[in-house]
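# Structural overview
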Amino acid sequence: MSLRPEPPQRPERDRTGVAIVLVGDELLLGDVADVNTEWLARRLDAAGLRVTSTFVASDDLVATVTALLRAIEDAPSVIVTGGLGPTSDDRTREALSVLSGRPLWTHPEMAADVRSHLRSRGRGEPAAESPMAQAPEGAGRLANPAGTAPGLRVEVRDAVVYALPGVPREVRAMLPLAVLPELVARAGAQPGTARSSLRLAGIGESQAAARLVDVEKAVAADPGASIAYLPGPALLEVRLAVHRPSETEARRSLQVYVGAAVGALGEDLYGQDEDTLASVVIGSLVARQATCATAESLTGGLVGAAITDIPGSSAAFRGAVVAYATELKAQLLGVPPAHLAERGAVDPSTAVLMAEGVRDRLAATYGLATTGVAGPDPQESHPPGTVHVAVAGPGGHRVRSLELPGDREFVRRLTVVLALDLLRRELAVPRGEVGEPRGEVSDAES
Ligand code: ATP
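Turning our eyes to something else, we now look at the overall build of the chain. Broken down by element type, the chain carries 15 helices and 17 strands. Relative to the compact-globule value of 22 Å for 446 residues, the chain shows a C-alpha radius of gyration of 30 Å, a clear excess of over 25%. In terms of overall dimensions, the chain has C-alpha extents of about 90 × 60 × 50 Å along its principal axes. Residue burial in the chain is summarised as follows: out of 446 residues, 49% are buried. A fraction of 69% describes how many contacts in the chain between residues 6 or more apart in sequence connect residues 24 or more apart. Here the chain contributes 44 positively and 56 negatively charged side chains, and the mean placements of these two sets differ by 5 Å.

Once that is clear, we can look at the layout of surface pockets. The volume enclosed by the largest pocket comes to roughly 850 Å³. In terms of lining residues, the largest pocket is bounded by 32 residues, among which D45, R195, S226, A241 and H243 are the most central. When residues of the lining of the largest pocket are traced back to their parent elements, those giving at least two are α2 (36-46), β2 (50-57), β9 (192-201), β10 (225-232) and β11 (235-244). Here the lining of the largest pocket is built from residues that sort into 12 nonpolar, 9 polar and 11 charged.

Moving on to the pairing of strand β17 (residues 396-403). Burial within β17 is extensive, with 7 of its 8 residues counted as buried. Pairing between strand β16 (residues 386-393) and β17: 8 bridges, direction antiparallel. Looking across to β17, one finds that V391 is bridged to R398. Taking the residues that link successive antiparallel strands as the turn, the β16-β17 hairpin has 2 residues.

Our focus in this paragraph is the site of the ligand. Lining the immediate surroundings of the ligand are 18 residues, of which D34, L84, G85, D90 and G166 lie closest. Contact between the ligand and G83: an oxygen atom at 3.3 Å from a main-chain N or O atom of the residue. Contact between the ligand and L84: an oxygen atom at 2.9 Å from a main-chain N or O atom of the residue. Protein burial of the ligand: of its 610 Å² of free accessible surface, 75% is covered by the chains. Broken down by secondary-structure element, the contributors of at least two residues to the shell around the ligand are β1 (17-23) and α1 (25-29). Per-class residue counts for the shell around the ligand are 10 nonpolar, 5 polar and 3 charged.

On to the sheet that holds β9. Read from one edge of the open sheet, 4 strands run β10-β11-β9-β12, paired in antiparallel fashion. This sheet does not close on itself; its edge strands, each paired only once, are β10 and β12 (269-272). Within this sheet the neighbouring strands show an average axis-to-axis angle of 20 degrees, counted without direction. Sheet analysis places β10 next to β11, joined by 8 bridges and oriented antiparallel. Paired with G232 across the bridge in β11 is L235.

Direction vectors running N to C along helix α8 (residues 213-220) and helix α9 (residues 247-265) enclose 160 degrees, while the axes themselves pass 9 Å from each other. As the angle between them shows, α8 and α9 are arranged roughly antiparallel. Crossing hand, α8 versus α9: left-handed. Packed against α8, whose contacting residues are V215, A218 and V219, the element α9 presents Y257, A260 and A261 at the interface. Its residues assigned to classes, the contact of α8 with α9 comprises 6 nonpolar, no polar and no charged.

Another aspect to go through is the confidence of the model for the chain. Of the residues in the chain, 92% reach a pLDDT of 70 or more, and the chain-wide mean stands at 92. Below pLDDT 50 for its whole length, residues 432-446 participates in 31 contacts with residues either more than four positions away or in separate chains.

So, about α9. With 19 residues, α9 ought to run about 27 Å at 1.5 Å a step, and its terminal C-alpha atoms sit 26 Å apart, in line with that. Contacts made by the buried residues of α9 are with β9, α7 (205-211), α8, β10, β11 and β12. Just downstream of α9 lies G266, where phi reads positive at about 65 degrees.

Another point: the environment of A95. The residue A95 is located in helix α4 (residues 92-100) in this model. On a C-alpha basis, the gap between A95 and D59 in space is 11 Å, while along the polypeptide they are 36 residues apart. Setting aside anything within four residues of it in sequence, one finds A95 in contact with L61, T64, V65 and L68.

Along any regular strand the residues' side chains alternate between the sheet's two faces. Sheet topology places strand β13 (residues 292-296) next to strand β14 (residues 317-322); 5 bridges connect them, and they run parallel. What sits directly across from A295, in β14, is V321. For the crossover from β13 across helix α11 (residues 302-308) to β14, the handedness is right-handed.

This part covers the pattern of salt bridges. One pass over the full model with this rule turns up 21 salt bridges. A salt bridge links D113 to R141, with the shortest nitrogen-to-oxygen separation between them at 2.5 Å. Of the two residues, D113 is situated in helix α5 (residues 108-120) and R141 in strand β6 (residues 140-142); the sequence distance between them amounts to 28 residues. For R141, a relative accessible area of 32% gives the class partly exposed. In this structure, R413 and E409 form a salt bridge, with 3.5 Å as the shortest nitrogen-oxygen distance. Of this pair, R413 and E409 both sit in helix α15 (residues 408-428), separated by 4 residues, roughly a single helical turn.

Here is what the cut-offs are and how they apply
Residues numbered from 1 in each chain as written. Predicted model: local features only at pLDDT ≥ 70, side-chain atom pairs only at ≥ 80, totals over all residues. Heavy atoms only, no water. Helix = DSSP H or I, 4+ residues; strand = E, 2+ residues; numbered from the N terminus. Rg over C-alpha atoms; globule rule 2.2 N^0.38 Å. Buried < 20%, exposed > 50% of the residue type's maximum accessible area, 1.4 Å probe, protein only. Contact = heavy atoms within 4.5 Å. Lys, Arg positive; Asp, Glu negative; His and termini not counted. Charge placed at Lys NZ, Arg CZ, Asp CG, Glu CD. 1 Å grid on protein atoms, 1.4 Å probe; cavity = no way out; pocket = protein on both sides within 12 Å on 5 of 7 lines; lining within 4 Å. Points joined across faces, edges and corners; volume = space filled by probe spheres on them. Nonpolar A, V, L, I, M, F, W, Y, C, P; charged D, E, K, R; others polar. Pairing = 2+ DSSP bridges. Near = heavy atom within 4 Å. Polar contact = N/O pair within 3.5 Å; in protein donor to acceptor, adjacent residues only side chain to side chain. Areas by Shrake-Rupley, 256 points an atom, 1.4 Å probe, with all protein chains shown as cover. Axes fitted to C-alpha atoms, helices over the stretch in contact; angles between N-to-C directions. Parallel < 35°, antiparallel > 145°, perpendicular 65-115°, else oblique. Left-handed = near helix turned anticlockwise from the far one by under 90°. pLDDT = per-residue confidence, 0-100. Expected span 1.5 Å × (residues − 1). Right-handed = clockwise from strand over helix to strand, strands pointing away. Salt bridge = Lys/Arg side-chain N within 4 Å of Asp/Glu carboxyl O.

Rendered as structure tokens:
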């Protein structure tokens with residue numbers, strides 16, 4: 001019996017796979033931020049194709065050949081951008097000549113393209129044939145309506161390489177015209193795509209995945225569907241996408257997945273797609289013909305700013321009181337000085353009194369308050385990251401107390417999210433249940 005491990009079997013090539021190669025020293029030096037990948041990936045995905053990998057190569061023949069070889073290993077279609085210009089640092093056509101084993105020659109149609117482009121720019125007749133008309137023998141030409149250098153279509157082994165100039169404007173003009181139709185046809189891709197983002201607050205990735213176990217199983221069994229988890233500070237986006245032969249079919253299937261996911265996620269789901277916590281809060285307040293006001297200490301007005309970012313917030317937002325100094329919590333919000341002396345400014349009960357105070361003084365249906373220690377120094381012996389957020393309304397009050405990690409900026413940003421989410425949950429309580437004070441709901445997280 002041999003002890004040598006079996007080499008892993010290469011999975012069958014996914015015909016919809018596309019690898020992207022970017023060529024340019026400027027991308028590796030950080031002088032230019034890559035915009036081609038993002039744009040190409042979105043367009044390819046929307047066409048039912050799948051980006052399998054991306055590679056970045058320097059303006060060097062060996063580096064370009066190596067990156068292209070890896071890309072060809074990965075996917076049956078490769079898009080390479082950059083290195084098609086006329087100068088000595090443009091090596092993509094040479095790399096394709098090496099890989100295809102075909103010598104470079106002057107492609108007559110490409111030469112005509114270059115000449116007519118230069119003429120149309122008033123640059124006259126070029127003295128010699130431009131290097132931009134060179135292509136490996138047998139290569140096809142890809143029209144470039146936005147620039148001088150035509151693109152190339154080169155077959156290498158069992159893959160097809162589509163070489164485009166690096167200029168983003170030219171990539172955008174060429175892909176739909178010269179590349180995408182063939183890619184879709186070769187891949188037998190399903191051109192209908194529908195996607196939706198489910199937006200969650202106060203729940204981590206693994207908790208969400210545990211609730212979505214049945215949706216995950218159905219997605220895993222469906223080659224046209226995918227699910228992705230994108231966590232942010234105290235927020236989570238669950239992205240569902242479906243590819244089908246038509247957009248109508250894709251939308252119909254997506255609806256089934258979304259319906260099942262919404263049912264499983266419960267009240268941690270605050271919205272979908274373009275929703276934000278603030279937009280959902282404003283929507284709920286307007287629907288109830290209710291208003292809110294904020295009393296802010298460590299957030300210094302950021303909660304009010306997030307709410308007023310939403311167009312139409314004036315229908316539901318009364319205003320903000322930024323009571324940073326402890327005595328202003330008494331003067332502006334009516335928190336009893338004796339309470340502040342006994343419990344301090346950083347205390348759950350102070351947060352509740354601030355919320356009640358601003359609700360009362362600004363004549364709002366709901367008062368929302370933040371107090372805590374943003375850091376870097378402790379305050380009243382509380383460590384940085386100690387945060388209390390409270391909401392007061394017709395149904396009583398809720399308060400959340402947390403120990404947040406991170407620096408000052410992160411703590412303040414997270415507090416805004418926690419405060420908005422607290423109000424959002426209060427507003428999600430069915431109207432019939434409002435009226436009974438619920439007292440303190442308090443938890444500490446690290
Ligand atoms: P040209 O004919 O202009 O020489 P080219 O095919 O040789 O085109 P490059 O020289 O690599 O392409 O790049 C042309 C311009 O496009 C440069 O300004 C470069 O910084 C920019 N560029 C190249 N690739 C990218 C990319 N991935 N993202 C953003 N800009 C890019």
